[in-house]
Structure formats: C-alpha cells, structure tokens
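Structural characterization, general
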Amino acid sequence: MKYRHLLSVTIAATCLVGTASLSGQTTAVQSRTKTHVETLASDKFEGRLTGSPGEKLAADYIISELKRMGAKPLPGMTDFRMPFTFTAGSKDGGTTLTVTRTGASPQTFSGAASVQALAFSDTSEASGPVVFAGYGLVVPEAQNFGYDSYAGLDVKDKIVVVLRYFPEDADQKTRGILARYADLRYKAQAARQRGAKGMLVITGPRSPNAGAVVPMSFDTAIAGSGLVAASVSGDAFASIMAAAGKSLDAVQKEFDSGNPHVAGFAIPGITVSLKANVIRQQQTGNNVVAYLPATTPTTGVAKPWIAVGAHYDHLGRGGAGNSLAGKDEANQIHHGADDNASGSATVLAIGDAFSKQARKRNLLLAFWSGEELGLLGSNAFVTKPPFPLENMAAYLNFDMVGRVADNKLTVQATGTSAMWPKLLEQANIVAGFDLVLQEDPYQPTDVGSFNTASVACLTFFTGAHQEYHKPGDTADKINYEDLVRVGELASGIVKRLMDSAEAPQFTKVEQKTDTGGRAGLRLFTGTIPDYASEVKGLLLGGVIGGGPAEQAGLAKGDVIVEIAGQSITNIYDYTYALELLKIGQPAKVVYMRGSEKRETTLTPAARK
Ligand SMILES: [Zn+2]
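1. Describing the overall build of the chain
A tally of regular secondary structure across the chain gives 14 helices and 24 strands. Radius of gyration (C-alpha) of the chain: 27 Å, near the 25 Å computed for a compact globule of 608 residues. Taking the principal axes of the C-alpha coordinates as reference, the chain spans close to 95 × 60 × 45 Å. Sorting the 608 residues of the chain into buried and exposed places 54% on the buried side. Sequence-distant contacts in the chain: of pairs separated by 6 or more residues, those separated by 24 or more amount to 80%. In the structure as shown, the chain presents an accessible area of about 24,700 Å², 52% of it carried by carbon and sulfur atoms. For the chain, the separation between the mean place of its 58 positive charges and that of its 58 negative charges on side chains is 2 Å.

2. Focus: the sheet that holds strand β11 (residues 305-311)
In spatial order, the strands read β1-β10-β12-β11-β13-β16-β14-β15; together these 8 strands make up an open sheet with mixed pairing. A single partner strand is all that each edge strand has here, and the edge strands are β1 (81-92) and β15 (434-438). Strand-to-strand twist across the sheet, computed as the mean angle between neighbouring axes with direction ignored, equals 20°. The sheet strands contacting helix α8 (residues 337-355) are β10 (278-292), β11, β12 (362-368) and β13 (392-398), and the helix crosses β11 at an angle near 150°. Of the strands in this sheet, β1, β10, β12 and β13 are in contact with helix α9 (residues 376-383), which crosses β1 at around 125°.

3. Side note on helix α12 (residues 480-499)
With 20 residues, α12 ought to run about 28 Å at 1.5 Å a step, and its terminal C-alpha atoms sit 29 Å apart, in line with that. Counting buried residues in α12 gives 14 out of 20 residues, a clear majority hidden from the surface.

4. Focus on the coordination of the zinc ion
Between any two of four tetrahedral donors, the ideal angle at the metal is 109.5 degrees; between two of six octahedral donors, it is 90 or 180 degrees. Ligation of the zinc ion by protein atoms is provided by Asp339 (OD), Glu372 (OE), Glu372 (OE) and His469 (NE2), these donors lying 1.9 to 2.4 Å from the ion. With 4 donor atoms in place around the zinc ion and angles of 56 to 144° between them, the coordination shape is irregular. In the primary sequence, the donor residues of the zinc ion line up as D-x32-E-x96-H. You can see glutamate 372 sitting in the loop between β12 and α9 and its partner histidine 469 sitting in the loop between β16 (457-461) and α12, a full 97 residues away along the chain. The exposure class assigned to glutamate 372 is buried, which follows from its relative accessible area of 11%. With a relative accessible area of 7%, histidine 469 lands in the buried category.

5. As for the sheet that holds strand β5 (residues 124-132)
Pairing is mixed across the open sheet formed by 8 strands, whose spatial order is β3-β2-β9-β5-β6-β7-β8-β4. Single-partner strands in this sheet number two, and they are β3 (107-110) and β4 (115-117). The mean angle between the axes of side-by-side strands here comes to 30°, regardless of whether they run parallel or antiparallel. Strand direction decides the pairing type here: β4 and strand β8 (residues 228-232), joined by 3 bridges, are antiparallel. Bridge pairing in β8 places alanine 117 opposite alanine 230. On the sheet, helix α6 (residues 234-244) packs against β2 (96-101), β3, β5, β6 (159-163), β7 (198-202), β8 and β9 (265-276) and is oriented at approximately 150° with respect to β9.

6. A look at the side chain of aspartate 399
Assignment of secondary structure puts aspartate 399 in the loop between β13 and β14 (408-412). With no salt bridge to any partner, buried aspartate 399 finds its closest opposite charge in arginine 48, at an N-O distance of 8.6 Å. A distance of 3.1 Å separates polar atoms of two side chains, one belonging to aspartate 399 and the other to histidine 311. One polar contact links aspartate 399 to threonine 445, side chain to side chain, over a distance of 2.9 Å.

Analysis parameters
Residues numbered from 1 in each chain as written. Predicted model: local features only at pLDDT ≥ 70, side-chain atom pairs only at ≥ 80, totals over all residues. Heavy atoms only, no water. Helix = DSSP H or I, 4+ residues; strand = E, 2+ residues; numbered from the N terminus. Rg over C-alpha atoms; globule rule 2.2 N^0.38 Å. Buried < 20%, exposed > 50% of the residue type's maximum accessible area, 1.4 Å probe, protein only. Contact = heavy atoms within 4.5 Å. Areas by Shrake-Rupley, 256 points an atom, 1.4 Å probe, with all protein chains shown as cover. Lys, Arg positive; Asp, Glu negative; His and termini not counted. Charge placed at Lys NZ, Arg CZ, Asp CG, Glu CD. Pairing = 2+ DSSP bridges. Axes fitted to C-alpha atoms, helices over the stretch in contact; angles between N-to-C directions. Expected span 1.5 Å × (residues − 1). Donors = N, O, S within 2.8 Å, 3.2 Å for Na, K, Ca; no water. Tetrahedral: all angles 85-135°; square planar, octahedral: opposite > 155°, others 65-115°. Salt bridge = Lys/Arg side-chain N within 4 Å of Asp/Glu carboxyl O. Polar contact = N/O pair within 3.5 Å; in protein donor to acceptor, adjacent residues only side chain to side chain.

Quick look at the structure:
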C-alpha cells in the first residue's frame with residue numbers, strides 16, 4: 001500500500017516542472033484539503049443543512065476558494081450560486097374530520113392525536129359516503145399477481161378508508177409483493193385514480209403502532225398528491241366503524257389472510273367531511289457552480305464540458321429524519337466530514353490542480369446542496385441546465401471519499417459508458433488503488449441525476465462506516481493522505497478526458513431493483529450495510545447502537561448470508577428479505593465472522 005503510494009509520487013514527479021520539491025507539493029495539497037474538510041465540518045457551519053445559515057456559510061467558503069483559484073461563474077451568470085426552492089417540511093395546520101350518521105348530530109374530531117393530514121395531502125376539503133377498501137393495495141397487472149383492493153368497489157366521489165401497511169398474516173411471498181405497494185403515497189395514487197375524493201388511513205389493531213395516527217413524515221414534494229388524505233386514531237375511527245356494525249379487529253383479520261378475494265365494502269348511513277390543512281414551508285437552497293474555461297478554443301471539440309461535483313450539504317442537527325444518531329446524541333451537530341466535506345474538498349483540489357494547467361475543455365466545478373433531502377440540487381441543475389447537457393462529456397461525482405481503508409476505493413456507475421473500465425485502469429496505474437468497480441448508476445447520490453440526464457458518469461466512494469449520518473462523522477477521522485490520492489486519480493481521469501478527441505458514449509443501464517414501493521419498508525433492524533462491498537452476502541459497515549442488530553450480537557465486518565431462511569448474496573436480496581420479516585418476531589440470521597459461520601436471532605423493531 002505504502003509502496004504504491006510512493007510509486008504514484010515518483011511518477012507524478014516526472015510530470016512536474018519547477019523547483020518545488022514533490023513532497024512539499026503533496027504536503028501542501030494535503031494540508032489545504034485538511035483545512036477544507038475541517039472548515040466545512042466545523043461547528044460554525046452547524047452541519048450545513050440545506051437552506052440554513054450554516055449552508056450559506058459553507059457556500060461562502062467554497063466561493064472564496066473558487067475565486068482564489070481563478071474559477072468563473074458559468075457563462076451567462078454573474079454569481080456562483082444557483083438557487084432552487086424546495087419544501088423544507090410540512091406541518092398540520094389544523095385538520096378536522098366530521099362524521100355524520102343519518103339521523104344523528106355530526107361529530108367532529110380535531111387535534112393531532114385524533115386526525116392528522118398526511119404530508120402529501122392537498123389542503124382542501126372532501127366529503128361524501130365512505131367505502132372501506134381493505135389495505136388499499138393495487139399490484140400492477142404487469143406483476144401477474146392479481147391483487148386489487150378496489151376490485152368490485154365503486155369509490156367514485158367517495159372517501160375511502162384504508163388500513164396502513166399490508167396484510168399481517170399472508171405468506172412470505174405475498175407479503176414480499178404487497179410490501180412494495182404499501183407506501184401511503186402509492187395507496188393515495190391508487191385511490192385517486194379510481195375517482196376517490198379523499199382517503200383516510202387507519203392503523204389496524206393487529207398492526208404495529210396500532211390505533212396511532214401516522215407521523216407527518218418529511219416530504220420534499222412541492223405540490224400535494226391531488227387527494228385529500230389524513231390518518232385517524234383508533235378512537236376517532238370507532239365512530240365510523242360503529243356505522244358498519246362490525247369490529248375493526250375482525251375486519252382486519254379477514255384482510256390479513258392476504259386472500260385477494262376478501263372484498264371491501266361500503267359503510268352505509270354515514271357521510272364524512274375531511275378538511276385537511278397542510279402547511280408546506282418553502283425554502284431556498286443554493287448549489288455553487290463555477291468553471292475553469294478551456295485555455296484553447298473549443299470549436300470542433302466534441303462535448304466541450306467536463307464536470308466534477310460533490311454535495312456540500314449535510315444533515316444539520318439531524319431533524320429531517322435521515323439521522324442515525326442514537327438517543328444520547330440527538331439534536332447534536334452532524335458534522336459530515338466524510339459525508340461530504342471530503343468530496344467537496346476533492347472537487348476543490350481538482351479545480352486547484354487544473355487551474356494551473358492548459359485545458360482543452362471547460363471544467364465545471366459543482367457543489368450541490370439538497371443532496372441529503374433527495375438529490376434536490378443536482379436534480380434542479382439537470383432539469384434546467386445552464387447549457388445543453390449534450391455538451392457535457394462526463395460527470396464525476398465524489399460522495400464520502402475520506403475513509404479509504406486498506407487501499408480500497410469503490411467506483412460506481414461504470415456501466416454508463418463502455419470506456420470507463422479501461423480509462424479507470426489506465427489512470428489507476430499511477431494512483432495504485434485497489435479499485436472496486438460497480439456498474440450500477442442507481443446510487444443514492446447526485447450521480448443519479450446525471451445518469452437520468454443521460455450523461456456518462458462515475459461516482460467515487462470509500463464505504464459506509466460507524467459514524468455514517470451521525471454527529472461523530474468528524475474531520476479527525478478522515479484519512480487525508482488517501483483522500484488526496486482520490487483527487488489525484490480523478491485528476492488523471494479528467495486529464496485523459498480533456499485531451500481525448502472523443503467524448504464517452506452514454507450507455508443506459510437497466511435498473512435492477514423495483515423501487516416502486518420501497519418506502520413501504522416499516523421495520524428497523526439497525527444494520528448499516530456496506531454498499532461498496534463485493535463479498536457474497538451482506539457485509540455490515542456497522543450496526544446502530546442499541547438497535548436490534550447490536551442486540552443480536554452483530555458487529556461491523558460480519559457478513560450476513562441468510563436471514564429468515566432467505567439466502568442473501570447481495571444488498572438487493574437483503575432489502576427484499578427485510579420486507580418479509582415481521583416486527584417483533586425473531587428471525588434467524590446466519591452470518592460469517594471471519595471464516596467462522598455463526599447464527600443468531602434478530603428481532604426487528606417498528607420504524608415509527
Ligand atoms: Zn449523506
């Protein structure tokens with residue numbers, strides 16, 4: 001490892017003209033990189049939550065660095081900031097449900113403990129007769145499975161009631177399929193498409209979180225779903241169920257069999273009026289973009305832009321629901337040194353290196369915000385690009401590149417162009433990493449936006465770790481020596497792309513997983529998969545303190561090969577298997593610790 005590093009230094013030395021000693025150069029880059037990471041990850045920037053004062057301070061810092069290296073605002077722009085608006089959160093602004101039984105006086109429920117809008121609800125009113133539509137699940141015909149909660153039901157202009165989650169007692173295969181369509185957004189879409197005016201969700205007595213209203217989840221959608229939708233408590237729902245003359249427990253039990261022939265029913269003699277009020281808080285985030293113009297005319301150059309980018313936003317104090325902090329660390333600053341001050345520093349280092357070189361193409365330097373909230377910044381950029389994206393030869397992304405261990409570096413999205421594997425191999429002769437190449441571009445980072453926009457792209461990643469999305473992701477845990485090498489490897493790739501007459505051809509990679517209703521995932525295991533792993537099975541990058549995995553004795557480095565009788569060969573098998581588990585029901589886990597095969601029992605908990 002060290003030897004390879006020394007080799008890279010020696011070769012690079014022959015390319016440099018000047019008097020500065022090479023070790024001096026490397027040390028200078030390393031100390032500057034360290035300063036970038038330490039500054040971005042400092043308490044002062046408060047975790048760089050999109051739209052927050054900390055994000056603005058981080059943008060200012062990046063801009064001052066861009067100016068220092070002589071980078072320019074993009075053509076036609078005067079500023080380095082590219083703002084985008086997003087929904088920073090939703091609040092219930094007072095939702096009410098009025099239930100009227102024929103001949104009785106109306107009963108109105110309000111207050112978050114009784115009735116609460118779903119985050120994606122329209123702010124509007126809907127009233128009408130009520131239809132109970134079981135779990136409200138519709139499996140698309142293409143799945144050849146035959147499950148439609150609305151079969152034979154007329155819900156046009158009515159309010160549908162659906163159970164949260166999916167049938168509790170169905171066999172594993174059925175549960176696995178239905179789980180994919182159990183996301184409430186998906187259920188709302190199905191109801192709306194069948195003409196329903198509103199949707200009420202009840203968490204059945206036989207389900208986890210029985211009788212509780214659904215927490216108003218973080219939802220970044222700017223618009224509502226075109227439906228009035230709310231969840232109601234068991235107590236409030238009792239007034240509706242009473243009209244049906246049935247017990248909800250008995251009704252749910254029938255649906256829980258998973259038998260597709262158990263039908264829903266209209267509840268006679270009753271009308272409800274649902275007035276949902278969702279307050280969406282709009283905020284502005286800022287991408288920071290700049291470029292180093294080509295130093296020779298680009299006329300006749302195929303695709304005259306090359307882009308390198310990294311998100312610079314992080315989780316703030318972790319309030320948006322994507323923090324993995326334990327109870328004892330709740331509300332602390334999430335420093336995000338690896339995620340993703342490391343990638344931001346790398347983009348700055350690449351910019352620095354090329355600011356002193358001849359350039360045959362323009363080099364775009366991008367710092368995205370809103371990544372942690374769902375790739376919002378990069379998505380805004382590709383949706384309204386400042387120049388046609390056909391002119392972009394390639395996009396290189398860096399997200400969590402500061403924790404190189406054992407010389408291993410993962411490069412993902414290599415399937416987006418046939419030329420990547422060869423190019424990476426060539427550039428790596430100098431850098432000397434043990435590269436792990438993964439073709440799949442459908443990664444939870446900004447590379448996804450560029451893949452969608454048909455730009456040949458790559459993303460660099462050094463693996464998940466214990467501090468992932470926790471306050472402890474701090475600058476002192478970064479491997480600066482190897483972080484600099486990641487930048488050197490990437491610069492080698494950029495250099496080759498710049499000097500090549502041709503540009504990479506984009507190849508579309510088919511998506512392997514059906515992400516249809518993945519958000520239906522409702523259980524919590526406390527495992528942190530190592531997404532970069534190549535091993536057969538699921539390598540754990542860590543476990544969440546106090547979570548079910550830790551309680552089961554699992555630890556970082558273990559490789560899960562079987563769970564609840566399902567063999568696991570990769571991350572897709574694992575996420576699929578999770579959908580088959582039941583909350584509170586122990587599942588047998590077979591795993592490898594080193595070369596030793598072990599067994600334990602993991603009891604999944606409920607995700608709130
Ligand atoms: Zn992250």
